[in-house]
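Structural overview for review
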Amino acid sequence: MSCFGGRVSQDLYQNCCNANVLCEFNGDLSSVVTEPIYVQKVYDAVLFNLQGMKTVQNQCFTPRIPQGHRVKRVIDIRCRRSFNPDNVEDPSNLKLDVDTTISGATFLRNGAGDEITVVGADGNFSEKLLFADTSSCDDKCMGTPVFGTQNISITGNVIIEIDLLLCDSCNNESVFTICTDVNIADKDHPLVLTNFFEICMPSAIDTAFLPRFTEFCNSACEARLATNNYGRDLCIGPDGNVTGNLIIAICVTCEKKIVVPVQICVLSTGFAQAAVQQNAICTTFPTLFPNQIKPCDTIENCGEICEDEDSDVCGCDDRCDPCNTCDPCEGSSQRGRRPQPRR
């Protein structure tokens, strides 16, 4: 068993971890309070599933099959996106370039003719400001439809891995993995997927903010042998080189959203607090977030005391009385003591 910073791992050599539980609820509804939050509300959203196909013939795999072995069967075929974390501009990275045009509304532009983008929930400038004439739907208290066309250009590579069951001259079986890097499309000739959509835009005639349009996509890939027969689709040369015929599917999920900034009230059990991981040397440490202000912390409620008058802990948080103008312990056995923080 290994232990680091108060977090225990069941296996010293395991490669996975568990996240910290930052929020807990003991079931006591008296600890639930209302909190105002300034966020973005999703007014409408549409979701799409698209797929593109890529066929390859005589694709070379590495490494070579050892001499004296033959392929008995294919155990598994896996496909994953190519990604270079050291260079996000690497042309071999599988990329989705989304180009969306709309009718029935317009994207706001600046004096140079560039579309105005604002920071979205992902922390990037991924949202565009929308403007439309909603007068025909304002009287009905309904949204205005916006129509759009989406073109997704796919470029980059995928990595294919095939697990083969090999058998030697003594009929001893072993699993052997071969892999290859397959180019789906390059920048000059991308694989393009197109679809159309309709989304609803709210009226913003009396609001301080215009609606915002945002979109995001994710891709996955699947691969199979062209005819699902390894005897026909895999060719093994005398030197052990393997070539194959494959069908690769690029599976894409896209979502379009209309969002508007709002201020809402939510129920909360308090601020989240991560467990401290330290070897304590300092006696005090600074806080990262402001303290949560409660109604009972105000001066007007500072006369509240704990139920047990003989308790050493008074019923008032000393934050509400920084100048010690009130003393909820006055008249009790703890006369003269400053109010202590409520536990």
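1. Observations regarding the overall build of the chain
Along the chain, the regular secondary structure elements total 2 helices and 14 strands. Burial analysis of the chain (343 residues in total) assigns 32% to the buried set. For the chain, long-range pairs separated by at least 24 residues make up 74% of all intrachain contacts whose partners lie at least 6 apart in sequence.

2. Observations regarding the pattern of salt bridges
Under the defined criterion, the tally for this structure stands at 11 salt bridges. The residue Lys72 makes a salt bridge to Glu173 at a minimum N-O spacing of 2.4 Å. With Lys72 in strand S4 (residues 70-81) and Glu173 in strand S10 (residues 173-185), the pair connects residues that are 101 residues apart, well separated along the chain. Residue Glu173 is classed as partly exposed on the basis of its relative accessible area, which comes to 44%. Across the pair Arg109 and Glu115 runs a salt bridge whose closest N-O atoms are separated by 3.4 Å. Classification of Glu115 by relative accessible area gives partly exposed; the value is 28%.

3. Notes on the layout of surface pockets
Taken as a whole, the second largest pocket holds about 530 Å³ of empty space. Around the second largest pocket, the lining comprises 20 residues; the ones closest to its centre are Asp122, Ser126, Thr214, Glu215 and Phe216. Of all the elements in the fold, those that place two or more residues in the lining of the second largest pocket are strand S3 (33-61), strand S5 (95-103), strand S8 (125-131), strand S12 (212-225) and strand S14 (242-268). No other element matches S12, which puts 6 residues into the lining of the second largest pocket. Here the lining of the second largest pocket is built from residues that sort into 7 nonpolar, 7 polar and 6 charged.

4. A few points about the confidence of the model for the chain
Of the residues in the chain, 81% have a pLDDT of 70 or more, and the chain-wide mean is 83. Confidence drops under a pLDDT of 50 for residues 305-323, and excluding neighbours within four residues, the segment shows 45 contacts in the predicted structure.

5. Some details on the environment of Lys128
Looking at where Lys128 falls in the secondary structure, it is placed in strand S8. When the C-alpha atoms of Lys128 and Arg212 are compared, they prove to be 5.4 Å apart, with 84 residues separating the residues in sequence. The contacts of Lys128, once residues within four sequence positions are left out, are Phe107, Glu115, Ile116, Thr117, Pro211, Arg212 and Phe213. Reaching out from Lys128, the side chain makes a polar contact with the side chain of Glu115 at a distance of 3.0 Å.

6. What to know about the side chain of Ser82
Within the fold, Ser82 resides in the loop between S4 and S5. Judged by its relative accessible area of 9%, Ser82 falls in the buried class.

7. Structural notes on the state of the cysteines
Scanning all chains against the criterion turns up 2 disulfides. The disulfide partner of Cys79 is Cys221, and the gap between their sulfur atoms is 2.1 Å. Judged by the sign of its S-S torsion, about -115°, the bond between Cys79 and Cys221 is left-handed. Residue Cys79 is found in strand S4, and its partner Cys221 is found in strand S12; the two are separated by 142 residues along the sequence. Residue classification places Cys79 among the buried positions, given a relative accessible area of 18%. Cys251 takes part in no disulfide bond, and the closest cysteine sulfur to it belongs to Cys221, at a distance of 7.7 Å.

8. Description of a nonpolar patch on the surface
Together, Ile37, Val39 and Ile264 line one region of the surface with nonpolar side chains, adding up to about 180 Å² of accessible area. Within the secondary structure, Ile264 is located in strand S14.

9. Structural notes on the packing of aromatic side chains
Aromatic ring pairs are described here by two measures, namely the spacing of the ring centres and the angle between the planes. The full count for this structure, using the stated rule, is 3 aromatic pairs. Look at Phe197 and Phe213: their rings are 6.4 Å apart centre to centre, the planes differ by 15°, and that puts the pair in the stacked class. On the criterion of sequence distance, the pair formed by Phe197 in strand S11 (residues 191-201) and Phe213 in strand S12 is long-range, its members being 16 residues apart. When sorted by exposure, Phe197 lands in the same class as Phe213, which is buried. Members of the aromatic cluster, each reached through a chain of ring pairs, are Phe48, Phe107, Phe197 and Phe213. Seen from the ring of Phe107, Lys128 lies directly overhead, with NZ or CZ sitting 4.8 Å from the centre.

Quick notes on the rules
- All residue numbers refer to positions counted from 1 along the written sequence of the respective chain.
- For a predicted model such as this one, the threshold for reporting local features is a pLDDT of at least 70, and the threshold for listing and counting side-chain atom pairs is 80 or more; totals across whole chains, interfaces and linings nevertheless cover every residue.
- Where side-chain values are given, they derive from all heavy atoms of the structure, hydrogens and water being excluded.
- In DSSP terms, a helix is any run of H or I states spanning at least four residues, a strand is any run of E spanning at least two, and both are numbered starting from the N terminus.
- Relative accessibility decides the category of a residue: with a 1.4 Å probe and only protein chains considered, values under 20% of the type maximum give buried, values over 50% give exposed, and everything between is partly exposed.
- Contacts: residue pairs with any heavy atoms within 4.5 Å of one another.
- Definition used for salt bridges: Asp or Glu carboxyl oxygen within 4 Å of a side-chain nitrogen of Lys or Arg.
- Note on definitions: the grid is 1 Å and covers protein atoms alone; a cavity is a set of points where a 1.4 Å probe fits but cannot get out; a pocket is an open set with protein on both sides within 12 Å along at least five of seven lines; lining residues have an atom within 4 Å of a point.
- Grid points are joined across faces, edges and corners, and a volume is the space filled by probe spheres set on the points.
- Each residue receives one of three labels: charged for Asp, Glu, Lys and Arg, nonpolar for Ala, Val, Leu, Ile, Met, Phe, Trp, Tyr, Cys and Pro, and polar for the others, Gly being one of them.
- Each residue carries a pLDDT value, the predictor's own confidence for that position, ranging from 0 to 100.
- Polar contact criterion, stated in full: a pair of N or O atoms within 3.5 Å, where within protein one must be able to donate a hydrogen and the other to accept it, and residues adjacent in sequence count only if both atoms are side-chain atoms.
- Our working definition of a disulfide is a cysteine sulfur pair at a distance within 2.5 Å.
- Patch definition: residues with relative accessible area over 30% and no salt bridge; like charges joined within 9 Å; nonpolar side chains (Val, Leu, Ile, Met, Phe, Trp, Tyr) joined within 5 Å.
- With residues, only the protein chains shown are counted as cover, and all accessible areas are computed by Shrake-Rupley using a 1.4 Å probe.
- Classification of ring pairs uses Phe, Tyr and Trp, with its six-membered ring standing for Trp, and accepts pairs whose centres are within 6.5 Å; under 30 degrees between planes counts as stacked, over 60 as edge-to-face, and the remaining range as tilted.
- The rule is short: NZ of Lys or CZ of Arg within 6 Å of the ring centre and within 35 degrees of the ring normal puts a charge over the ring.

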